[in-house]
Each structure stands twice: as C-alpha cells, then as structure tokens.
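Read off the chains here:
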Amino acid sequence: MKSIALIGHGAIARDVMHRIDGDPLLRVAQVLVRPNRRAEIQAALGDRTEAICSVAEISADVDFVLECAGHGAVQEHGLEVLGRGLDLGVLSVGALANDALRDDLQRASREGRARIVVVPGAIGGIDAIAAAGPEGLDRVTYDGTKAPLSWTGTPAERTHDLSALTEATEVFSGTAREAAQRFPKNANVVATVALAGLGFDRTRVRLVADPKAVRNTHHILAEGPNFHFDFTSSGATLPDNPKTSALTSLAACRVLKSRAHGLCL
C-alpha cells in the first residue's frame, strides 16, 4: 500500500481524501496543517490519518506529498519536502511563475533525487502541448471565462462593476507572467499552460467575465508548423469552494492512483 501525505485540509484535500477512501492500495497517512488548527483537524480526521505541523514529522513510509494549500504552501514546504527525497505533487502551479522559486525547487529535486509533479488540475490537453513544446509551437493562447462574481477579489473588481455586466467583458489581456502576477488566485491554469508550452513571456492570456457563464471555461489554442491544438473544457466547481474546479481534485486522484496501481497515464 502507498502512503501519502497531504499539505492542507481545505476543500480540495477533503475531496481527494473522500475519493480515494477505500482504495486498497492507497491511503492518506498524514495531513500537514497549521499548528493552531492541528487539534481541530485531528478530531475531524479520526484515528486513520495523523495531523502534523512540519515536514520533519512526515513518516518514513510516506513517499509522495501532495500540496493542496495554495502558493504559500509551495514556498514554505516545497524545498524541504524535495530535500527529504520525497516526490512533490503541486496543485498550486501558479507558484512556479516565480522563476527564482522554480529554480530552487528544481535544484532541490535534483539534490534530493525527488520529482516535482505538476498536476494539470482544471484543464486537459497539457500532454499534447508539452509533447510539442517550444520546438514544435509558435503560438499558445489561453482564454479563461468565468461568471462576473467569480472575479471578485481580483483586479477586475477595481476596473469593472462586475455585478452590472450585461455581456461578456474582457478583464485582462497580456502575457502569462503578467496574468500570474496580477491574478494570483487564478494563476494555476495559466502557469500550467505556460510551463507546458512556450513559457510565461510568450504565452498570451485573455480573461473574461461573462454574465451568461454557468461554469468556468478554459480555451487553449496552440499552433506550430506541424501542429494545431484547440482545447476547450468546462466543468462544475467543488461544492465547498465555488472558485475551484471539481476536476482539480479528480486530476490529483488520477496522479495518486497511477502511482499506487502501477499504471501511469
């Protein structure tokens, strides 16, 4: 049986735990949380999973750590996890838009002989874009569309009256790097597309608030001399967190089950 540790106990982590519960080859052994929440979360977890407060407490039988807690968690714990020789699954891919942090994590992965596993989360088609890569692509664009109030708490709130929009409205246009910096809460998909294809400065991003949108929609167009990829995906959000796609936790479960069952897709 594969034992894993999660960083965080929010909506995604709880959904992942629910979905892999009962898998005979996989178990969440530990959950890394803030010290002030340890007792509360341990009571919710029961006896099957241990709440811990530091990477140093991760047990010897754990060989994979899945981050489910946001960009700050990647910054705070990533280097230590990799330094211990533990593979690290990253859901908060937007943290990797920070070049210095990404370089440090890659260095730690080499020194610790551990892997950084980018979990695509809410989008598909990343395998094809990554296969073509910078050598096979000349242009990559990403359009993200959400209901207006889904952009609450972002710079779009300062430039538009989100509650008064009556038609689809562009709230941002620029590079993936600019999008990741200005819209950090929406940066994970942007960063994943950029890392797979042409990088943060050559990937173009357009973000849209649409009052007719009932789901978050992601559209990726990637073109090169021998390739034309056109991917559109949309899906429901997590009931406990309407800003997070339900596909995010499903993508994380796929990674975990692939490792446990020995068939990686």
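Here the structure is a predicted model, which means the values were calculated and not measured.

Student: What should I look at first to understand the sheet that holds strand S8 (residues 169–175) in this one?
Tutor: Within a sheet, each strand pairs with its neighbour through backbone hydrogen bonds, oriented either parallel or antiparallel. Ordered by their spatial adjacency, five strands build an open sheet running S8-S9-S7-S10-S11, and the pairing between neighbours is mixed. Edge strands, defined here as strands with exactly one partner in the open sheet, are S8 and strand S11 (228–235). Pairs of neighbouring strands in the sheet enclose a mean axial angle of 10°, with direction left out of account. The pairing of strand S7 (residues 139–146) with strand S10 (residues 216–223) spans seven bridges and is antiparallel. Across the sheet, residue arginine 139 finds its bridge partner in S10, namely glutamate 223. Helix H5 (residues 126–136) rests against S10 and S11 of the sheet, and its axis sits at about 150° to S11. This element, helix H8 (residues 187–196), spans S7, strand S9 (203–209) and S10 of the sheet and lies at about 165° to S7.

Student: Would you mind showing me how to read the state of the cysteines here?
Tutor: Where two cysteines share a covalent bond between their sulfur atoms, that bond is called a disulfide. On inspection of all chains with the given rule, the structure shows zero disulfides. The structure places no disulfide on cysteine 53, whose sulfur is separated from the nearest cysteine sulfur, that of cysteine 68, by 16 Å. With no disulfide of its own, cysteine 68 lies 9.2 Å from the sulfur of cysteine 253, the closest cysteine sulfur.

Student: Is there a simple way to think about the side chain of aspartate 87 in this case?
Tutor: Along the polypeptide, aspartate 87 turns up in strand S5 (residues 87–90). Of note is the side chain of aspartate 87, whose polar atom sits 3.1 Å from the side chain of arginine 259. When residues no more than four places from it in sequence are discounted, the contact partners of aspartate 87 are Asp63, Phe64, Val65, Val81, Ala114, Arg115 and Arg259.

Student: Help me understand the UniProt feature "binding site: NAD(+)" (unreviewed entry) in the protein chain, please; the structure alone is not making it clear to me.
Tutor: UniProt's entry tags Ala122 and Asn188 with the feature "binding site: NAD(+)" (unreviewed entry), counted in the numbering of this structure. Look at the named residues: they lie 67 residues apart in sequence, but the longest C-alpha span between them is just 8.8 Å, so in the fold they bunch up. Mapped onto the elements, alanine 122 comes out in the loop between strand S6 (116–118) and H5. By relative accessible area, alanine 122 is classed as buried at 11%. Not counting residues within four places of it along the chain, the set of residues in contact with alanine 122 comprises Val189, His218, Ser233, Ser245, Leu247 and Thr248. Assignment of secondary structure puts asparagine 188 in helix H8.

Student: Looking at this model, I keep getting lost on the nonpolar core. Mind explaining?
Tutor: Within soluble globular proteins, side chains that are nonpolar generally end up buried alongside one another. In this structure, Val65, Leu137, Tyr142, Trp151, Val193, Val205 and Leu207 are the most contacted members of the largest nonpolar core, which totals 57 residues. With seven residues, the single largest contributor to this core is H8. Mapping this core onto the domain boundaries places at least three of its residues in each of domain 1 (2–121 + 247–260) and domain 2 (126–237). Among residues more than four places away in sequence, those in contact with tryptophan 151 are Gly144, Lys146, Ala156, Glu157, Leu162, Val171, Phe183, Asn186, Leu207, Val208 and Ala209. Val16, Leu66, Leu91 and Ala246 belong to the second-largest nonpolar core, a separate cluster that totals 29 residues.

Student: Before we go on, may I ask you to explain the packing of H5 against H8 in this structure?
Tutor: A pair of packed helices is captured by two measures, namely the crossing angle of their axes and the spacing between those axes. Interaxial distance between H5 and H8 falls to 8 Å at its minimum, and their mutual angle equals 35°. Along the contact surface, H5 presents Ile126, Ile129, Ala130 and Gly133, while H8 presents Thr192, Val193 and Ala196. Considered class by class, the residues forming the contact of H5 with H8 number five nonpolar, two polar and no charged.

Student: Would you mind going over the packing of aromatic side chains with me for this structure?
Tutor: Geometry of an aromatic ring pair is reported as the spacing of the ring centres plus the angle between the planes. A full pass over the atoms with the stated rule returns four aromatic pairs. Ring centres of phenylalanine 229 and phenylalanine 231 lie 5.9 Å apart, and the angle between their planes is 25°; this geometry places the pair in the stacked category. Residue class for phenylalanine 229 comes out buried when judged on its relative accessible area of 15%. For phenylalanine 231, a relative accessible area of 25% puts it in the partly exposed group.

Student: Got a minute to help me understand the environment of aspartate 210 in this structure?
Tutor: Relative to the helices and strands, aspartate 210 resides in the loop between S9 and S10. Residues aspartate 210 and proline 148 lie 62 residues apart in sequence; the distance between their C-alpha atoms is 5.8 Å. If we ignore the near neighbours within four places in the chain, the residues touching aspartate 210 are Thr145, Lys146, Ala147, Pro148 and Ala168.

Cut-offs and rules
Residues numbered from 1 in each chain as written. Predicted model: local features only at pLDDT ≥ 70, side-chain atom pairs only at ≥ 80, totals over all residues. Heavy atoms only, no water. Pairing = 2+ DSSP bridges. Helix = DSSP H or I, 4+ residues; strand = E, 2+ residues; numbered from the N terminus. Axes fitted to C-alpha atoms, helices over the stretch in contact; angles between N-to-C directions. Contact = heavy atoms within 4.5 Å. Disulfide = S-S within 2.5 Å. Polar contact = N/O pair within 3.5 Å; in protein donor to acceptor, adjacent residues only side chain to side chain. UniProt positions renumbered as here; feature names shortened; annotations may be inferred. Buried < 20%, exposed > 50% of the residue type's maximum accessible area, 1.4 Å probe, protein only. Core = buried A, V, L, I, M, F, W, Y, C linked by side-chain atoms within 4.5 Å. Domains from an automatic or database assignment. Nonpolar A, V, L, I, M, F, W, Y, C, P; charged D, E, K, R; others polar. Phe/Tyr/Trp six-rings, centres within 6.5 Å; stacked < 30°, edge-to-face > 60°.

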